[in-house]
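Architecture at a glance
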Amino acid sequence: MSLLLVAGCAAPRTEHSAGTWPVTAGVGAAPAPSGEPSATRATPEPSPVASSSAAPGRSPSPRPRDLVRHGSRKSTMVALTFDADMTTYMEKQLDRGEVDSYANPRLIAELRRLKVPATIFMTGLWIERYPRVAAGLAADPLFEVADHSYDHEAFSTPCYGLGRTGDMRLSLRRTEALLDRLNPGHPRFFRFPGGCYDKAALKAVAAEGLTPVQWDVVGGDAFATSPDAIVKQTLDHVRGGSIVVLHLGGGKPSGLTDKALPAIVRGLRERGLRPVTLSTLVGRP
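Residues numbered from 1 in each chain as written. Predicted model: local features only at pLDDT ≥ 70, side-chain atom pairs only at ≥ 80, totals over all residues. Heavy atoms only, no water.

Next up on the list: the pattern of salt bridges. Evaluated as defined, the whole model comprises 12 salt bridges. Arg96 is the partner of Glu98 in a salt bridge, and the nearest nitrogen-oxygen pair spans 2.7 Å. The exposure class assigned to Glu98 is partly exposed, which follows from its relative accessible area of 33%. Note that Glu208 is salt-bridged to Arg173, the shortest N-O span being 3.0 Å. With a gap of 35 residues between them, Glu208 in the loop between α6 (199-207) and β7 (211-212) and Arg173 in helix α5 (residues 168-182) connect regions that are remote in the sequence. Overall, the relative accessible area of 14% leaves Glu208 in the buried class. Overlapping salt bridges, with partners in common, bring together Arg169, Arg173 and Glu208 in one network. (Salt bridge = Lys/Arg side-chain N within 4 Å of Asp/Glu carboxyl O. Buried < 20%, exposed > 50% of the residue type's maximum accessible area, 1.4 Å probe, protein only. Helix = DSSP H or I, 4+ residues; strand = E, 2+ residues; numbered from the N terminus.)

Turning next to the nonpolar core. Phe82, Met122, Trp126 and Leu248 are the most contacted members of the largest nonpolar core, which totals 46 residues. In terms of residue count, helix α8 (residues 257-270) provides more of this core than any other element does, 5 residues in total. Beyond its immediate stretch of four places on either side in the chain, Phe82 contacts Leu107, Leu111, Ala118, Thr119, Ile120, Phe121, Leu246, His247, Leu248, Thr257 and Leu261. Core analysis: the next-biggest nonpolar cluster, separate from the first, contains 15 residues, Met77, Phe121, Phe189 and Leu278 among them. (Core = buried A, V, L, I, M, F, W, Y, C linked by side-chain atoms within 4.5 Å. Contact = heavy atoms within 4.5 Å.)

What follows covers the packing of aromatic side chains. Going through the model one piece at a time under the given rule, you end up with 5 aromatic pairs. Pairwise contacts between aromatic rings join Phe155, Phe190, Phe192 and Tyr197 into one cluster. The aromatic ring of Tyr150 is capped on one face by Arg174, whose charged end is 3.6 Å from the ring centroid. (Phe/Tyr/Trp six-rings, centres within 6.5 Å; stacked < 30°, edge-to-face > 60°. Lys NZ or Arg CZ within 6 Å of the ring centre and 35° of its normal.)

Interhelical geometry of α5 versus α6 gives an angle of 40° and a closest axis separation of 9 Å. When the interaxial angle is binned, α5 and α6 end up oblique. Here α5 and α6 pass one another in a crossing that is right-handed. Contact residues: Met168, Arg169 and Leu172 in α5; Ala200, Ala201, Ala204, Val205 and Ala207 in α6. Each residue belonging to the contact of α5 with α6 can be placed in one class, and the counts come to 7 nonpolar, no polar and 1 charged. (Axes fitted to C-alpha atoms, helices over the stretch in contact; angles between N-to-C directions. Parallel < 35°, antiparallel > 145°, perpendicular 65-115°, else oblique. Left-handed = near helix turned anticlockwise from the far one by under 90°. Nonpolar A, V, L, I, M, F, W, Y, C, P; charged D, E, K, R; others polar.)

Below is the structure:
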């Protein structure tokens, strides 16, 4: 069965949606190791993280200018991360009743049932749309929350048809203000919408004191048509130190993640891998 594999959270079904990579489940990841188009990758490319010291099996704590793709390959830990996307068009879909929800309560319940730590990258619009859900996640010690821009506009284009944000630093500040109200001690991590960035985007993120986080494993749930495809895509590529990108959406098209999660967690544990938060894997910036 085939699935469309996109870079992280290239926004589904928006008025901007364009390029995706058609990939057969389990065959391989996107052409660029981090999932973003090669045209937008910053050069030179940093190592996973760079700092002075770290506990055994853990990557050094990142600094704001470092871009994190994965943790130490000597580690048995894996960070499961979930993007809570919301664009203005997705809001319109909700208002028109085309989608039931872009917050998946079943997935949150499964994470809690399985006692799986996770890092949730939230857009500001998502927080405003689901304030009680966001507050519950931020208050739960099992989870940590982080910045995913305000409205999921791209920080570098072309980026899967996403429009470019007008002010990168303002987008970051607006979401950080919302996160600070939810949890003043949240880690200062940031994930680019669609995974797209350039040197100007990295500079803007560093100027706000945030550490950009990519991934090395794409779960493929944004456009998956079956839970099995998500499980296979994830487990075929995960290894020690991996950062897995999945989604918290509950409506079409990413509402299958909750069904895939138990098999993903079981597969990780069978390999001796332990799900942890991003801060546990790479340290707090």
